[in-house]
Amino acid sequence: MNIFRLAGDLSHLVAIIILLLKIWRSRSCAGISGKSQVLFALVFTTRYLDLFTVFISAYNTVMKVVFLALSYATVYLIYMRFRNTYDSENDSFRVEFLLVPVIGLSFLEHYAFTPMEILWTFSIFLEAVAIMPQLFMITKTGEAESITTHYLFFLGLYRALYIANWVWRYHTEGFFDQIAVVSGVVQTIFYCDFFYLYVTKVLRGRGKMTLPMPV
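Everything numeric in this text was worked out from a predicted model, so none of it was measured. (Residues numbered from 1 in each chain as written. Predicted model: local features only at pLDDT ≥ 70, side-chain atom pairs only at ≥ 80, totals over all residues. Heavy atoms only, no water.)

> What is the right way to read the overall build of the protein from this model?
Counting its secondary structure elements, the protein contains nine helices and two strands. Tracing the protein from N to C terminus, the helices and strands come up as α-α-α-α-α-α-β-α-α-α-β. Counted over contacts in the protein with a minimum sequence separation of 6, partners at least 24 positions apart contribute 78%. For the protein, the exposed area adds up to about 11100 Å²; of that, 69% sits on carbon and sulfur atoms. (Helix = DSSP H or I, 4+ residues; strand = E, 2+ residues; numbered from the N terminus. Contact = heavy atoms within 4.5 Å. Areas by Shrake-Rupley, 256 points an atom, 1.4 Å probe, with all protein chains shown as cover.)

Take a look at the structure:
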């Protein structure tokens, strides 16, 4: 494992912990897209179906369990524990517009036509677009709390670091996973405008990041 992979995993973990702490401490999930969190839980579920059948390393197994547990804990807090604070009106992105093409693409572009491989491919493609309901919600409301933007920043940083990880592995190992790389690049592109606003506004001390409202 190289430093980029490790830093990417830690950034991903920090992002989820930031979100959980935000919800728990404020006793509110306002501004958080429950739809995005359900999609991320689905990503981890379909990707880690081999949890009890394939052992790679203790680190790998522990991280799988942690991400699964934290993703479902987040969904529980949003839809059960603090459901009265959930903003369903603004969390209105049509997830079927993501799921249908992702499912179709998973059957067309994969490494082997087996259930496990197709579900793994599905998880890779879905992760690339799972953040869209959250970004749509922020655009719709016109602003985001600083803690929510910190979550998004570390989530985007995780993907950027994984791109560095793939570049490193290609040059040192000759390893290239086309599906993961293309999906990771697409996901990182979704964060580009957000990264600019985060650096120019949030890091300069403004409590909330204001975004242009949709016409």
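> I'm lost on the nonpolar core in this one. Help?
In a soluble, globular protein the nonpolar side chains are often hidden away together inside. In this structure, I23, F67, L126, I131, Y151 and L155 are the most contacted members of the largest nonpolar core, which totals 47 residues. Residues within four places of I23 in sequence aside, it is in contact with S28, C29, T74, L77, I78 and F82. (Core = buried A, V, L, I, M, F, W, Y, C linked by side-chain atoms within 4.5 Å. Buried < 20%, exposed > 50% of the residue type's maximum accessible area, 1.4 Å probe, protein only.)

> For this particular structure, what's the right way to read the environment of V182?
Secondary-structure assignment places V182 in helix α8 (residues 178–190). Given a relative accessible area of 46%, V182 falls into the partly exposed group. The spatial distance from the C-alpha of V182 to the C-alpha of I124 is 9.7 Å, given a sequence separation of 58 residues.

> I keep staring at helix α1 (residues 3–26) and nothing clicks. Help me out?
Over its 24 residues, α1 extends 34 Å from the first C-alpha to the last, a length consistent with the 34 Å expected when each residue adds 1.5 Å. Capping the start of α1, N2 holds a side-chain oxygen 2.9 Å from the backbone nitrogen of F4, two or three residues further along. A positive phi of about 55° marks R27, the residue just after α1. (Expected span 1.5 Å × (residues − 1). Polar contact = N/O pair within 3.5 Å; in protein donor to acceptor, adjacent residues only side chain to side chain.)

> What is the right way to look at the side chain of S28 in this model?
In this fold, S28 is placed in the loop between α1 and α2 (34–47). Overall, the relative accessible area of 16% leaves S28 in the buried class. Within the structure, the side chain of S28 is placed 3.1 Å from the backbone nitrogen of A30, a separation counted as a polar contact. Not counting residues up to four positions away in its chain, the partners in contact with S28 are K22, I23, F82 and T85.

> Could you clarify how one ought to interpret the environment of F113 in this entry?
By secondary structure assignment, the location of F113 is in the loop between α4 (96–108) and α5 (115–129). Here F113 falls in the exposed class, since its relative accessible area comes to 60%. In this structure F113 touches F107 and I118, once residues within four positions along its chain are discounted.

> Would you take a moment to explain the pattern of salt bridges for this structure?
Opposite charge on two side chains lets them pair, provided their charged atoms get close. Inspection of every chain in the model, using the stated rule, returns six salt bridges. For E96, the salt bridge identified is with R94, shortest N-O distance 2.4 Å. By relative accessible area, E96 is classed as partly exposed at 32%. Residue class for R94 comes out partly exposed when judged on its relative accessible area of 45%. (Salt bridge = Lys/Arg side-chain N within 4 Å of Asp/Glu carboxyl O.)

> I keep staring at the packing of aromatic side chains and nothing clicks. Help me out?
In this description, a pair of aromatic rings is defined by centroid distance and the angle of the planes. Scanning all chains against the criterion turns up twelve aromatic pairs. Residues F4 and W168 carry aromatic rings whose centres are separated by 6.2 Å and whose planes lie at 55° to one another, so their mutual orientation is tilted. One end of the pair, F4, is in helix α1; the other, W168, is in helix α7 (residues 146–173), and 164 residues separate them in sequence. Among the residues examined, F4 registers a relative accessible area of 29% and is labelled partly exposed. On the basis of relative accessibility, which here comes to 44%, the residue W168 falls in the partly exposed class. Ring geometry for F44 versus F67: centroids 5.4 Å apart, planes at 15°, classification stacked. Of the two residues, F44 sits in helix α2 while F67 sits in helix α3 (residues 58–81), which places them 23 residues apart along the sequence. Its relative accessible area of 3% is what places F44 among the buried residues. On the basis of relative accessible area, F67 is assigned to the buried category, the value being 3%. (Phe/Tyr/Trp six-rings, centres within 6.5 Å; stacked < 30°, edge-to-face > 60°.)

> I keep staring at a nonpolar patch on the surface and nothing clicks. Help me out?
On the surface, M1, I3, L6 and L10 cluster together into a nonpolar patch covering about 410 Å² of accessible area. Tracing the sequence through the fold places I3 in helix α1. You can call I3 exposed: its relative accessible area is 58%. (Patch = residues over 30% accessible without salt bridge, like charges linked within 9 Å, V, L, I, M, F, W, Y side chains within 5 Å.)

So far we have only geometry, and geometry alone does not tell us how the molecule works.
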